[in-house]
Amino acid sequence: MALIRDSDRQGAGIGRRAVLLFGAKLGVVGLLAWRMHQLQVEQADRYRLLADENRINIRLIPPARGLIFDRSGRPLAVNRPNYRIVLIREQAGDPERALDELGRIIEIGDAQRSRVLKEVSQKSAFVPVTVAERLDWEDFARVAANSPVLSGIIPEVGLTRFYPEGDATAHVVGYVGPVSERDLKRQATPDPLLQIPRFQIGKTGVERRLERALRGQAGISRIEVNSLGRVMRELDRNEGKAGQNVQLTLDLPLQRYALTRLAGEAGSAVVMDVRDGSILALASTPTFDPNLFVFGISTENWENLLNDPHRPLADKPVSGAYPPGSTFKMVVALAALEAGLVKPGETVWCPGYIKIGNRRFHCWKRVGHGHVDLRRSLRESCDVYYYEMAQRVGIERITAMARRLGLGSRPPLPLPAIAEGLMPTKAWKERVHGSPWLIGDSVNAGIGQGYVLASPMQLAIMTARLATGRAIVPRLVQSFDDVPVARAEPPDLGIPGEHLKYIRDGMRAAVNHRRGTAHAARIADRSLAMSGKTGTSQVRQITEVERRAGIFRNEDLPWERRDHALFVAYAPVSDPRYAVSVVIEHGGGGARAAAPVARDIMLYALHGGPAPLSAYPEKVRPEIRKRRATPETSPRPPQRDRA
Amino acid sequence: MSLYDPAEGRVPSGLSKILHFHWAIAVLLVAIAGVGFLMLYSVAGGSLQPWSQRQMIRFGIGFAAMLVIAMINIRFWRRLSVLAYLGALSLLVAVELMGSVGMGAQRWIDLGFFQLQPSELMKIALVMILARYYDWLDPELVSRPIWVIAPVILTLVPVVLVLVQPDLGTALLLLAGAAMVMFLAGVSLWYFAAAALAGFAVIFTVLLSHGTSWQLLRDYQFKRIETFLDPSSDPLGAGYHITQSTIAMGSGGLTGRGFMQGTQSRLNFLPEKHTDFIFTTLSEEFGFVGSLSLLGLYVLILVFCIASAISNRNRYGALLTGGIASTFFLYFAINMAMVMGLAPVVGVPLPLVSYGGSAMLVLMGAFGLVQSAHVHKPR
């Protein structure tokens, strides 16, 4: 305590030192002032000369953005010259007169004119202001030819993105757009390139997620300019690095075909090569023209896209999560087999419903299936069998099996907004809903309803894994700058081969057996036969009143309350090559709405083009012939660039 | 806890404190920040977006924070010193463990709406704890070796933490700031002489280590030093900044090119034109007169702070005011020296003018402490 003194009474006692220190600081300040004087007064002329007469200007050269191709090298995103006209006030003198003169050569609207004049008055004299862009070559050439008499009007050529395939790959490839304030904020250290006016970056799809590779590195050009900002000569130039070209695994014709087959619906189709996980088609309908976004979309177009109930902007196959319905039954069956809680030959009695507590769970077939074993349960999609299995196995084991098959986790794809889906557990329900897991929840999950959700992409992964027994992972990028992306041999799933065999048998019967749910959608060509599973997932609960009144025909319901139609398949049965999943929102029954679409897409993939009629079952051949005779309605060809 | 102490003499209370604010300092702060708004408006090509407006909002918040801090008795802040230091220290450790990586160096904690730089907080917290220490210590003992060791440790711990981030500029700023507080407190000059000698030895060793297996600095730091010594060695990289900024300044001449007329700062691509190199734009547009005026405003703040410190019989308040003034001095002196090619490029902002949230808020908080010391000084 002896050390503690009351400072207040004795004074701070820093006076002498403070004055000393301040003196030293003044010395430094003096040095700074001297340096200012030296730079700005003594040598001002020299620097003024350096600055005005012969100043070195460093300009960033935007790198060419990497191109995007499909698996065969068909261009999906390219760079096109953008012919534009800029005005520099410093050189033009009177901007109004310059615009008048320019107006005699190309058309300049009143709105355009006032926008330019406003921008010119706000910016410094030497900043170029864009007068017109996306000119066609003739207009541009006329301006260029007249440029000696048009002072301050400068024709420029830039690069801009163009999607030659238009809406065919809109969701996968995505689009670029002008850098927004939000884009800048998202990055800790924004690339100086982003500050260049009119620089474009990826906004969605692969364009966004592979931005880093596609963008490239800025080049630098050191130029000498005179006091008017006119370039005297280029001192040196470093071209920078163009962005990497990206080759996707997509197959453009197949992609187009899938879109055509889904036209008019809000649907998804995924085609995956089961041998290496390559995504050959990733179709989402309705689609849109990404070229509309490149220069900023008009409000009208934007609102049309936003208000469409079919949600054209959503990338349904990867961002959509749907109750998988009966396509989930393979998961439940495998979980039951693995737990040893069912023998394949064991039968369950289906009277059309089962009663749990005082609640009835109905089979889709009201009169019941009778005795049902595993194979028949998949073939005819008996719900009661799976109500029973779900009770035996319990949700935890079902979820664990689902995860092994790729459900309930985000597939690693270079796409934004990838749906995780939902594979519930007891703990999950406790946490999110605050109520305990009920037996009825398990029963619902047994037929892929209730809390269970999966994306079409996840269903395709599941199908590929069922077909191969390996942990197939989807891949969308084949190579960067022609260097193939390394891929690892997918590990074995660790599911016993005989279990998989029972499941595959059931899936094969579902399509090829006379009584299978998807028999009408089979492939007639035996060498290419397909295995699959239908699914119809309810969007609503059928009330007891409705059931009694007999309103459960989908056609009687408004569109948004109809069932989702699903179908997953792989083919050929003997040596699987492709897995396909098709989901049609509110499409009705999976067998009727989704399975034929999946079959057609599968045949197209297997044949690498339109399949011969002999591959189709006899019954549907007239319909196919008719469809081929009518011209394609969708997708639309890309809209021509406005001049 | 009662903050009343009869020894304090007459200390204004309640709202009458407002009358005792150091309004001259407050006005000077507004003037300097105003220069900042103008320059940010100018470098954005005549637009409040994206910098100027946000800077105004931050300054508004900072100014309000200053007033609030000023209303609270300096004795409260004295008690808080140790806590402030420990808090800043743990944030520094936290940033080391989990800070987000920005500008190649781990310096920020992302609070979502705001990126906090704990090293900024530490600049003030270190001054606070040293002031507290020398307030507590008998002035007779300040030069005893054993009583010199404690503040040296208090300083070196955060300095080392900042150094490994790595942020050489801030580390040196902390070191110099702490040294100035110790100097004010009356530590014998022999220590400073010894430290200076040791400093030269360290610099010599560091330079010697370049290119060897025991290299002490990162390559980019060496590059900055090299570039400082010879800007033309790297005209496209860091040297480009110095070359271009001196040309821009020089071309401003005596009276400058006029507001918004600076060709150099906008024609040339200076990536940090709105942060560390903003002084360049000011000098080009307002010339020698403008640069000297801003320097004058800074010196005036310094003068008022030191006058307030000398007249303050409360040792804590006096040391705190002197220390904060010194930190402030270091900011603007190093930044200006750097821009004019007198010091290597070390990433120190021009206080209250450069665009940036952390530095601005911390600085205004610090001036809140200066005001508090001034308002509550024994009269």
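Use the structure listed above.
This report concerns the structure included in the present document. Remember, it's a predicted structure, so these values are computed and weren't measured experimentally.

Parameters at a glance
- Residues numbered from 1 in each chain as written.
- Chains lettered and ligands numbered in written order.
- Predicted model: local features only at pLDDT ≥ 70, side-chain atom pairs only at ≥ 80, totals over all residues.
- Heavy atoms only, no water.
- Buried < 20%, exposed > 50% of the residue type's maximum accessible area, 1.4 Å probe, protein only.
- Helix = DSSP H or I, 4+ residues; strand = E, 2+ residues; numbered from the N terminus.
- Pairing = 2+ DSSP bridges.
- Expected span 1.5 Å × (residues − 1).
- Bend = angle between axes of the 7 residues up to and from the residue.
- Axes fitted to C-alpha atoms, helices over the stretch in contact; angles between N-to-C directions.
- Phe/Tyr/Trp six-rings, centres within 6.5 Å; stacked < 30°, edge-to-face > 60°.
- Lys NZ or Arg CZ within 6 Å of the ring centre and 35° of its normal.

## Observations concerning the pairing of strand 21 (residues 578-584) of chain A
Side-chain direction in a regular strand flips from residue to residue, so the side chains alternate between the two faces of the sheet. Residue and element names in this part refer to chain A. Most of strand 21 is tucked away, with seven of its seven residues classed as buried. Here strand 21 shows no split at all, with Y578, V580, V582 and I584 on one side and A579, S581 and V583 on the other all buried. Pairing of strand 11 (residues 267-273) with strand 21 involves seven bridges; the strand directions are antiparallel. Following the sheet pairing, S268 is matched in strand 21 by V583. One ladder, built from seven bridges, connects strand 20 (residues 564-571) with strand 21; its direction is antiparallel. The partner of A565 across the bridge, within strand 21, is I584.

## Section: helix 4 (residues 118-136) of chain B
Every α-helix carries 3.6 residues per turn, so stepping three or four residues along brings you back to the same face. Residue and element names in this part refer to chain B. The first and last C-alpha atoms of helix 4 sit 26 Å apart over 19 residues, in line with the 27 Å expected at 1.5 Å per residue. For helix 4, the principal kink sits at I124 and spans about 25°. Most of helix 4 sits inside the fold, with 16 of its 19 residues counted as buried.

## Side note on the sheet that holds strand 21 of chain A
Residues and elements named next belong to chain A. Judged by pairing direction, the sheet is antiparallel, and its five strands sit side by side in the order 12-11-21-20-19 without closing on themselves. Strands with a single pairing partner mark the edges of an open sheet, and in this sheet they are strand 12 (279-285) and strand 19 (531-537). Strand after strand, the sheet turns through a mean of 5° between neighbouring axes, direction not considered. Note: strand 19 against strand 20, seven bridges, orientation antiparallel. Within the sheet, the bridge partner assigned to G532 lies in strand 20 and is A569.

## Considerations on the packing of aromatic side chains
In this structure the tally under the stated criterion is 28 aromatic pairs over all chains. Ring centres of Y133(B) and W136(B) lie 6.1 Å apart, and the angle between their planes is 45°; on these two criteria the pair is classed as tilted. With Y133(B) and W136(B) both in helix 4, this residue pair falls three residues apart, about one helical turn. Between F329(B) and F332(B), the ring centres sit 5.7 Å apart and the planes meet at 85°, which makes this aromatic pair edge-to-face. Taken as a pair, F329(B) and F332(B) lie in helix 12 (residues 315-339) at a separation of three residues, close to a single helical turn. Just as F329(B) is buried, F332(B) falls in that class too. Taking the ring centre of F162(A) as reference, the NZ or CZ of R80(A) above it sits at 3.9 Å. Above the plane of the ring of Y353(A) lies R360(A), whose end atom (NZ or CZ) is 4.0 Å from the centre.

## Remarks on the side chain of T160(A)
Here T160(A) lies in strand 5 (residues 153-162). Residue T160(A) is classed as buried on the basis of its relative accessible area of 5%.

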